Amino acid sequence: MRRLALCLALVITASPEARAQTETADLLGQAQALYERLEIERALPLLRQIVSPSWPHEITIEQRVQAYTYLGASLALTGVRDSALLYFRAAIEQDPFTDLDAQRFTPAQLGLFQQARRLTFAVAARPVEAARVDPRTERARFTVTTTHAASLRVELRPADARPAIVLFRDINDGLREVPWNGLLSDGHLAPPGRYALAVVGRSQLLGRSDSMRVYLTVAHEIPPLEDTLPALAPAQLLPERLVVSAGRSDFLKGLGIAVGALIVSSAAANGNLGRGGRALAIAVGGAAGITGVAAWLNARRERDLPANLEENSRRRAAQAAANAGIVRRNAEKLAQTVLVILPAAGVGP
Amino acid sequence: MNSARPPASPAVVLRVVLGFSLAPAAGIAQTTLSGTAAAALVVHQVDIGHGVEESRGLLLRAEAAVALSRLEVLIRAAGGSLSTSAAGAENRDVGEVSLEASVMPAPWLALRASGTSRTYATAIARQHWTLVEMGAEVRLDFTTSPVRGILRGGLLPVVSVNGLPRPDVALTAAAGIEYRSGSVTGGLLYGLERYDFPPSGATRRLEQLNTVTFRITMQRGGGRVGRL
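Criteria and thresholds
Residues numbered from 1 in each chain as written. Chains lettered and ligands numbered in written order. Predicted model: local features only at pLDDT ≥ 70, side-chain atom pairs only at ≥ 80, totals over all residues. Heavy atoms only, no water. Helix = DSSP H or I, 4+ residues; strand = E, 2+ residues; numbered from the N terminus. Buried < 20%, exposed > 50% of the residue type's maximum accessible area, 1.4 Å probe, protein only. Contact = heavy atoms within 4.5 Å. Areas by Shrake-Rupley, 256 points an atom, 1.4 Å probe, with all protein chains shown as cover. Pairing = 2+ DSSP bridges. pLDDT = per-residue confidence, 0-100. Phe/Tyr/Trp six-rings, centres within 6.5 Å; stacked < 30°, edge-to-face > 60°. Lys NZ or Arg CZ within 6 Å of the ring centre and 35° of its normal. Salt bridge = Lys/Arg side-chain N within 4 Å of Asp/Glu carboxyl O. Expected span 1.5 Å × (residues − 1). Polar contact = N/O pair within 3.5 Å; in protein donor to acceptor, adjacent residues only side chain to side chain. Patch = residues over 30% accessible without salt bridge, like charges linked within 9 Å, V, L, I, M, F, W, Y side chains within 5 Å. Buried area = accessible area lost by both parts, 1.4 Å probe.

The number of helices and strands found in chain A is 9 helices and 9 strands. Residues counted as buried form 40% of the 349 residues belonging to chain A. When contacts within chain A are restricted to residue pairs at least 6 apart in sequence, those whose partners lie at least 24 apart make up 70%. With an accessible surface of roughly 19000 Å², chain A has 57% of that area assigned to carbon and sulfur atoms.

Once that is clear, we can look at the pairing of strand 3 (residues 71-84) of chain B. On a regular strand, each side chain points to the face opposite its neighbour's, so the side chains alternate between the two faces of the sheet. Residue and element names in this part refer to chain B. Across 14 bridges, the pairing between strand 2 (residues 52-68) and strand 3 is antiparallel. The residue of strand 3 that forms the bridge with Arg61 is Ala78. In this structure, the hairpin formed by strand 2 and strand 3 is closed by a connection of 2 residues, where Ser69 is found at a positive phi of approximately 55°. Across 12 bridges, strand 3 lies against strand 4 (residues 92-106) in antiparallel orientation. Across the sheet, residue Gly80 finds its bridge partner in strand 4, namely Val94.

To continue, consider the confidence of the model for chain B. All names here are of chain B. Chain-level statistics for chain B give a pLDDT mean of 85 and a share of 84% at 70 or above. Segment residues 1-8 is flagged for pLDDT under 50; beyond a separation of four residues in sequence, or across chains, it makes 1 contact in the model. What the predictor reports for the complex is a pTM of 0.55 with an ipTM of 0.83.

A full pass over the atoms with the stated rule returns 11 aromatic pairs over all chains. Residues Phe88 of chain A and Phe113 of chain A carry aromatic rings whose centres are separated by 5.1 Å and whose planes lie at 85° to one another, so their mutual orientation is edge-to-face. One end of the pair, Phe88 of chain A, is in helix 5 (residues 81-94); the other, Phe113 of chain A, is in helix 6 (residues 107-119), and 25 residues separate them in sequence. Note on Phe113 of chain A: relative accessible area 0%, which makes it buried. Here the aromatic rings of Phe251 of chain A and Trp296 of chain A are separated by 4.9 Å at their centres, their planes lie at 35°, and the arrangement is tilted. With Phe251 of chain A in helix 7 (residues 244-268) and Trp296 of chain A in helix 8 (residues 278-298), this residue pair connects regions lying 45 residues apart in the sequence. For Trp296 of chain A, a relative accessible area of 36% translates into the label partly exposed. Chaining the aromatic ring pairs together yields one cluster made of Tyr120, Trp129, Tyr195 and Phe197 of chain B. A cation sits over an aromatic face here: Arg126 of chain A above Phe97 of chain A, 4.1 Å from the ring centre. For the cation-ring pair, Arg92 of chain B lies above Tyr120 of chain B, with the distance from its terminal atom to the ring centre recorded as 4.9 Å.

Next up on the list: the pattern of salt bridges. One pass over the structure, following the stated rule, counts 31 salt bridges over all chains. Across the pair Glu39 of chain A and Arg37 of chain A runs a salt bridge whose closest N-O atoms are separated by 3.0 Å. Two residues, Glu63 of chain B and Arg215 of chain B, come together in a salt bridge whose shortest N-O distance is 3.3 Å. Of this pair, Glu63 of chain B sits in strand 2 while Arg215 of chain B sits in strand 10 (residues 203-220), and the two are 152 residues apart along the sequence. Classification of Glu63 of chain B by relative accessible area gives buried; the value is 7%. Given a relative accessible area of 2%, Arg215 of chain B falls into the buried group.

The next thing to look at is helix 9 (residues 306-334) of chain A. Residue pairs three or four apart in sequence face the same way in an α-helix, which turns once every 3.6 residues. Spanning 29 residues, helix 9 of chain A covers 41 Å between terminal C-alpha atoms, matching the ideal 42 Å at 1.5 Å per step. All of the buried residues along helix 9 of chain A are Asn308, Glu311, Asn312, Ala318, Gln319, Asn323, Gly325, Ile326 and Asn330 of chain A.

Bringing the side chain of Arg215 of chain B into the picture now. Among the polar contacts made by the side chain of Arg215 of chain B, one reaches the side chain of Thr36 of chain B at a distance of 3.0 Å. A distance of 2.6 Å separates the side chain of Arg215 of chain B from the side chain of Thr217 of chain B, its partner in a polar contact.

Let us now look at a nonpolar patch on the surface. Residue and element names in this part refer to chain A. Taken together, the side chains of Leu252, Leu255, Val259 and Ile263 define a hydrophobic patch exposed on the protein surface, amounting to about 350 Å² of accessible area. Here Ile263 is to be found in helix 7. Assessed through its relative accessible area of 47%, Ile263 is described here as partly exposed.

Residue and element names in this part refer to chain B. Counting buried positions along strand 9 (residues 184-200) yields 12 of 17 residues, so the element is predominantly enclosed. Both strand 8 (residues 169-181) and strand 9 contribute to a ladder of 13 bridges, which runs antiparallel. Across the sheet, residue Ala175 finds its bridge partner in strand 9, namely Tyr190. From the end of strand 8 to the start of strand 9, which pair antiparallel, there are 2 residues, and Gly182 there has a positive phi angle of about 65°. Summarising the sheet, strand 9 and strand 10 pair through 15 bridges and their orientation is antiparallel. Its bridge partner lying in strand 10, Glu193 is registered against Leu209.

Each partner contributes to the interface: chain B provides 41 residues, whereas chain A provides 44 residues. Where chain B abuts chain A, roughly 3000 Å² becomes buried across the two surfaces, and 69% of that area is made up of carbon and sulfur atoms. Joining chain B to chain A, the criterion identifies 0 salt bridges. On inspection of chain B and its partner chain A, the count reaches 8 residue pairs in polar contact (both at pLDDT 80 or more). For the side of chain B that touches chain A, the elements supplying multiple residues, two or more each, are strand 1 (31-47), strand 2, strand 6 (126-141), strand 7 (147-161), strand 8, strand 9 and strand 10 of chain B.

Listed below in structure tokens is the structure:
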């Protein structure tokens, strides 16, 4: 009882579009069942009803193509070849990928269908499927078709001004899978962005042309890259020329250390314990003071500092080596870029 | 309304320190290894209410350090003997091991934390000290020569001594210079450790360690491990 109530609730709450499609599907199912039982005369009115402009319910392209196909097949069985051809052609025009299963249809039906393909010219590409493609080892694949022999050109056109990538240019008859290695025509990896897969064909039988486009987005999936190190700031480099002011500065630093040692041994020390450490502090302070004075005297004559020049060169070289390593590692990561291909609605939002 | 900011939790402090230490330095992030041999002349003073007892001696020290980006970590071991001529006092052996870490938020500043286990041993007794120090070190690089001045200060929030209460005052301070030539760095440093223990009856234990350390460091790698 509860199950019944649940079913009723589902029927009541189902959207009108879904209910309409269900009506179409139900009728199509009935027609197919009649066709399978070879009750062609009963199946035909139902199929005609479905493709009629007065059919009040929603019908998908797939359902319409199926109805046309069964109409063509039914009429072929009844010997009405012209009408059968007409419906087969209608099915092919709606969806150029339409084909008959050789296991389920008679040779006569298949022959008529092939004739319909020769009389109709259309090219098509299947909607792009989402995919992750490693360009080093994998290929993206697009499926295209022509209804009969035609010169076919399949191109991938970037949304920007870059030249198109020609994926296929030759005679084609029927279904074809076109691989793409993820590269532009100049050999570089396709940059992220929108692309249009353009299929252009010219019939070799009818002298007519047809084209179709589907759109896709290409994104890059790259391992996180390292930032290169910034250029060395002046504070990170040693002065390359000895100037008087630097000598004064060093003198003050030496003096500061000397005073610091004396302060530690007096102000920070416990006076109740005597001055036992004072001599040690004086020794260190004196050494620092002498170093400061020597630095001051040394800098009285301005000149270049070869040792500092050498040290700065070493630091710059180390920086450049580190950056070169980062660039190399980033290049290795970039080489691992994976293309993420997604269907898109157009060349742009 | 209580607008006082809550104190930073240890986890927050740890994150900040790690942030400083692991952030790539503006220059070249490079690992530097160093080994150090040092000799320290020690003057140890202690007053437990019967006058200052002074002992002196030489401590030999060995260190190994690694510097990575802005983080320096070193392990240190030292040992030696202190001799005294004070009446009733005994000579002592000293041994200690330390683990120290520094982060450098700026090239001239290092924030330090260390833990030390130290033992004084006489023929009849042994006293164990456990010390935790936190402090800062200012590094003054000379412009005209490969000399660096060092000023250091620190507090010891943890001082645990066998049979003694926690000191009221526990601090360290130091000043010195180091000179670098190639991969060898020589240094001279005066250091002070001061411990004022709380009064116990009519007496109060005051203890102080003065050192002057001469050290030689050999390093491998690009950075400069400046440690005195």
